[in-house]
Amino acid sequence: SDHEDNAMRGNLWLPLVRSPGRSLGAGVTKRLVVVTDPVGPGDLTKYLEGLKALKSKGELVEAEGKPWVSSGSPPRPVERLQLLVDICSLTPDVFEKAAGDVKVESVTYTEGQRGLKWHCSVEEVPSLQLTFKDIIVEEHSSFAASLAKQLLASRG
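Here we summarise the structure given alongside this text. (Residues numbered from 1 in each chain as written. Predicted model: local features only at pLDDT ≥ 70, side-chain atom pairs only at ≥ 80, totals over all residues. Heavy atoms only, no water.)

### Looking at the overall build of the chain
The line we're drawing: Numbering of helices and strands starts at the N terminus; helices are DSSP runs of H or I of at least 4 residues and strands are runs of E of at least 2. Think of it in three bands: residues with accessible area under 20% of the maximum for their type are buried, residues over 50% are exposed, and the middle band is partly exposed, with areas taken using a 1.4 Å probe on protein chains only. A contact between two residues is defined here by any heavy atoms of the two lying within 4.5 Å. The protein chains shown are the only cover counted for residues, whose accessible areas, like all others here, come from Shrake-Rupley with a 1.4 Å probe.
If you tally the helices and strands in the chain, you get six helices and two strands. Ordering the α and β elements of the chain from the N terminus gives α-β-α-α-α-β-α-α. Looking at the chain as a whole, 21% of its 156 residues qualify as buried. A sequence separation of at least 24 residues applies to 68% of the contacts in the chain between residues at least 6 apart. When the accessible surface of the chain is summed, it comes to about 12100 Å², and 56% of that surface belongs to carbon and sulfur atoms.

Here's what the structure looks like:
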């Protein structure tokens, strides 16, 4: 917006100067580690159907906010949730098809791991900027952190 606060801070951070990428030695293969959501889209499909039903009845509220005056609703909520469902449904083969010379590695979950309650409930989300899929419940956060460390430390 053209608010004075934006004008005052407008050139402090952007554009960022990007550092050149590290050159890889001969014979080194780039890799992409794909970590899927262990429960897939889960309840998101139920919420998506609910949003679609509200929209079809004309009951879905979409309000545009006014900067520094009032907040609005997120734009295009049905499309945003559909995108999240699609992302949570991705499998490593999608990446493998487009990988070219990049080695694709992925996490394999056990049935027990897939059965865990990984995410908090919708009611426990602390901010409208987050979804329950963004939050790993406390009891599994150390496992998730150790899994991430193993992935980053592994060499393919």
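### Here's the deal with the nonpolar core
Grouped burial of nonpolar side chains is what soluble globular proteins tend to show. Defined as follows: Here, nonpolar core refers to any group of buried Ala, Val, Leu, Ile, Met, Phe, Trp, Tyr and Cys residues whose side-chain atoms link them within 4.5 Å.
Judged by nonpolar contacts, Leu44, Leu48, Leu60, Val78, Leu81, Val85, Cys88, Cys120, Val125, Phe132, Ile135 and Val137 together constitute the single largest core of twelve residues. Looking at this core, the elements with two or more residues in it are helix H2 (44-56) and helix H3 (77-88). A total of four residues in this core trace back to one element, the largest contributor, which is H3. Setting aside anything within four residues of it in sequence, one finds Val125 in contact with Cys120, Leu130, Thr131, Phe132 and Ile135.

### Things to note about helix H6 (residues 138-153)
Convention followed: One fewer than the residue count of a helix, multiplied by 1.5 Å, yields its expected span.
Taking 1.5 Å of rise per residue, the 16 residues of H6 would be expected to cover 22 Å, and the 23 Å separating its terminal C-alpha atoms lies within 8% of that figure. Of the surrounding secondary structure, the elements contacted by the buried residues of H6 are strand S1 (31-34).

### Quick look at the packing of H2 against H3
Going by this rule: Interaxial angles span 0 to 180 degrees and are taken between N-to-C directions of axes, which are lines fitted to C-alpha atoms, for helices over the stretch in contact. Roughly parallel covers angles under 35 degrees, roughly antiparallel covers those over 145, roughly perpendicular covers 65 to 115, and oblique covers all other angles. The crossing is said to be left-handed when, going from far helix to near helix, the turn is anticlockwise and less than a right angle, and right-handed when the turn is clockwise.
Interaxial distance between H2 and H3 falls to 10 Å at its minimum, and their mutual angle equals 160°. As summarised for this structure, H2 and H3 are arranged roughly antiparallel, according to the angle between their axes. Here H2 and H3 pass one another in a crossing that is left-handed. Between H2 and H3, the contacting residues are Leu44, Thr45, Tyr47, Leu48, Leu51, Lys52 and Lys55 on the first element and Pro77, Val78, Glu79, Leu81, Gln82, Leu84, Val85 and Cys88 on the second.

### Description of the side chain of Asp37
Defined as follows: Two N or O atoms count as a polar contact when they lie within 3.5 Å, although within protein this holds only if one can serve as hydrogen donor and the other as acceptor, and sequence-adjacent residues are included solely when both atoms are side-chain atoms.
Here Asp37 lies in the loop between S1 and H2. We classify Asp37 as buried; its relative accessible area is 15%. Separated by 3.0 Å, the side chain of Asp37 and the backbone nitrogen of Val39 make a polar contact. One polar contact links Asp37 to Lys133, side chain to side chain, over a distance of 3.1 Å.

### Examining the pattern of salt bridges
Just so we agree on the cut-off: Each salt bridge in this description consists of a side-chain nitrogen of Lys or Arg and a carboxyl oxygen of Asp or Glu lying within 4 Å of one another.
Enumeration according to the criterion identifies four salt bridges in this entry. Among the salt bridges present, the one from Asp37 reaches Lys133, with a minimum N-O distance of 3.1 Å. Taken as a pair, Asp37 in the loop between S1 and H2 and Lys133 in the loop between helix H5 (111-114) and H6 lie far apart in primary sequence, 96 residues in all. Lys133 sits in the buried class, given a relative accessible area of 10%. Residue Glu79 is joined to Lys55 by a salt bridge in which the shortest nitrogen-to-oxygen separation is 3.5 Å. Residue Glu79 is found in helix H3, and its partner Lys55 is found in helix H2; the two are separated by 24 residues along the sequence.

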